[in-house]
Structure formats: structure tokens, C-alpha cells
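Examining the three-dimensional arrangement
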Amino acid sequence: MASTPAINVPIIWILGGPGSGKGTQCDRIVAKYGFTHLSSGDLLRNEVSSGSSRGQELSAIMERGELVPLEVVLDLLREAILSALPTSKGYLIDGYPREKEQGILFEKTIAPVNLVIFYDASEATLVERLLGRAKTSGRVDDNEETIKKRLNTFNTHNDQVVQQYTDKLKRIHAERSTDEIFAETSQHIDELLGQFAK
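In what follows, the accompanying structure is described. (Residues numbered from 1 in each chain as written. Predicted model: local features only at pLDDT ≥ 70, side-chain atom pairs only at ≥ 80, totals over all residues. Heavy atoms only, no water.)

Time to look at the overall build of the protein chain. A tally of helices and strands in the protein chain yields eight helices and five strands. Taken against the 2.2 N^0.38 rule, which gives 16 Å for 198 residues, the C-alpha radius of gyration of the protein chain at 17 Å falls within 12% of a compact globule. Dimensions of the protein chain, computed from the C-alpha atoms along their principal axes, are close to 50 × 45 × 30 Å. Expressed as a percentage of the 198 residues in the protein chain, the buried residues total 43%. Within the protein chain, contacts between residues at least 6 apart in sequence are counted, and of these 77% link residues at least 24 apart. As presented, the protein chain carries roughly 10,500 Å² of accessible surface, and 50% of it is formed by carbon and sulfur atoms. Within the protein chain, the 28 negative side-chain charges are centred at a point lying 2 Å from the centre of the 23 positive side-chain charges. (Helix = DSSP H or I, 4+ residues; strand = E, 2+ residues; numbered from the N terminus. Rg over C-alpha atoms; globule rule 2.2 N^0.38 Å. Buried < 20%, exposed > 50% of the residue type's maximum accessible area, 1.4 Å probe, protein only. Contact = heavy atoms within 4.5 Å. Areas by Shrake-Rupley, 256 points an atom, 1.4 Å probe, with all protein chains shown as cover. Lys, Arg positive; Asp, Glu negative; His and termini not counted. Charge placed at Lys NZ, Arg CZ, Asp CG, Glu CD.)

Turning to the layout of surface pockets, a few remarks are in order. Size it by volume and the second largest pocket reaches roughly 150 Å³. Phe118, Asp120, Ala121, Phe154 and Asn155 are, among the 15 residues lining the second largest pocket, the residues nearest its centre. Residues belonging to the lining of the second largest pocket are distributed by class as follows: six nonpolar, five polar and four charged. (1 Å grid on protein atoms, 1.4 Å probe; cavity = no way out; pocket = protein on both sides within 12 Å on 5 of 7 lines; lining within 4 Å. Points joined across faces, edges and corners; volume = space filled by probe spheres on them. Nonpolar A, V, L, I, M, F, W, Y, C, P; charged D, E, K, R; others polar.)

Ranked by internal contacts, the top residues of the largest apolar core, which has 34 residues, are Ile11, Trp13, Tyr91, Ile93 and Phe106. Listing elements by their share of this core, those giving two or more residues are strand E1 (11–16), helix H2 (40–50), helix H3 (53–63), helix H4 (70–84), strand E3 (91–94), helix H5 (100–109), strand E4 (115–120) and helix H7 (144–164). Take this core: its biggest share by element is eight residues, from H4. Those residues in contact with isoleucine 93, other than ones at most four positions away along the chain, are Ile11, Ile12, Trp13, Ile14, Leu38, Leu77, Ile81 and Phe106. Counting 22 residues, the second largest nonpolar core, distinct from the first, contains Ile29, Leu115, Tyr119 and Ala121. (Core = buried A, V, L, I, M, F, W, Y, C linked by side-chain atoms within 4.5 Å.)

The subject of this paragraph is the packing of H2 against H3. Two numbers describe how H2 lies on H3: the axes approach to 7 Å, and their chain directions differ by 115°. For the crossing formed where H2 meets H3, the hand is left-handed. Along its contact with H2, which presents Leu44, Glu47 and Val48, the element H3 presents Arg54, Gly55, Leu58, Ser59 and Met62. When its residues are assigned to classes, the contact of H2 with H3 shows four nonpolar, two polar and two charged. (Axes fitted to C-alpha atoms, helices over the stretch in contact; angles between N-to-C directions. Left-handed = near helix turned anticlockwise from the far one by under 90°.)

Right under this line is the structure:
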């Protein structure tokens, strides 16, 4: 495995259950700060649709309903980070790490994370939001039973991630207006950027 060049811009992980508003906040952060937004899910889907041999292997794994190996997700992230490095002002990594082991591997092989933002909303709120989205999304996984399973999986793994990064973690109450949530998010990012400017 080749060593990764030094990354001298902020790396922020964005966590939150399905329906917590991560996507909306990431869009606003990108608009305000010009960060590179990477979603492990998008990277996987893009790789699959590229038709590459790795994409075909991933497609088979996903069709069997299995989890994609940690190393593959990490490789895709590393490639995306390096290709954007010359112009990136910072990285927003959305929905990652999904489990503690992913976070440890990322920091060991790519770079330490500077800030972990967790959009925290109750299960009842997330279920309600996802069911609302289901009416228009046409997503097969937006039904109540599947939603509860997804939330359960998320909570089980996310608790371990959150405990691993208590010193870098900012927990943001995500049951308020988008503007209030973004104001608090911006405050944490501004503090981080202040440290980078020194």
C-alpha cells in the first residue's frame, strides 16, 4: 500500500442516522466553505456504475446483501481524497465511518480526522421523517420495518464510533430548524478553521 501524502486541510466526518438531515447540512457546508464532499455510498454506487472489474465485484457483494469490505471503501475514499487534494479546501466525509474499525483504519492509512459532527435525532423523529420521504422517494428501503432495521444497525455501530472519538466529537441536536442546525455546525467548523490558520 503506497503511503498517502500529507493532507494539510481539515477532515470532517459527518455522522447521523438515516433522515437526520446530514445531506442537507453537507450541501450547505459545501456552499459556504467550498469543501470536497465525499459520501462512501456515492463512491460505491459510482464505482459499480463505472462497470470496472472492481465495480462488478462490488455489485455482486451488494446483490448478495453483504457488507462491502472495509479496505475497498477505504481505497475508494483514499483515491477520491488524493484526486481532489491539489484544490481541496477541506474534506467532508458523509456517513463515515459506519463502524469503529473503519475509523481506526482511515486514521492509520489516510490521515487523522480533525472533527466529528454527529447530527443527533430521536428514533421517533427519524422514522417519521423517513416515512414522510418514502411517500415521494420511491426508495425500496423507505418502509417502516426496513427503516427500523436500518436505524437499529446504525445505532449499534454508531455508539462505538461516538465513544471512540469523544475528544473530537460535536453532537448537534438535529430536531430544530435547518438554519439553527447549520448555525451551530458553522460555529464548530469556524473554530476548526481558526486552528488551521495558526
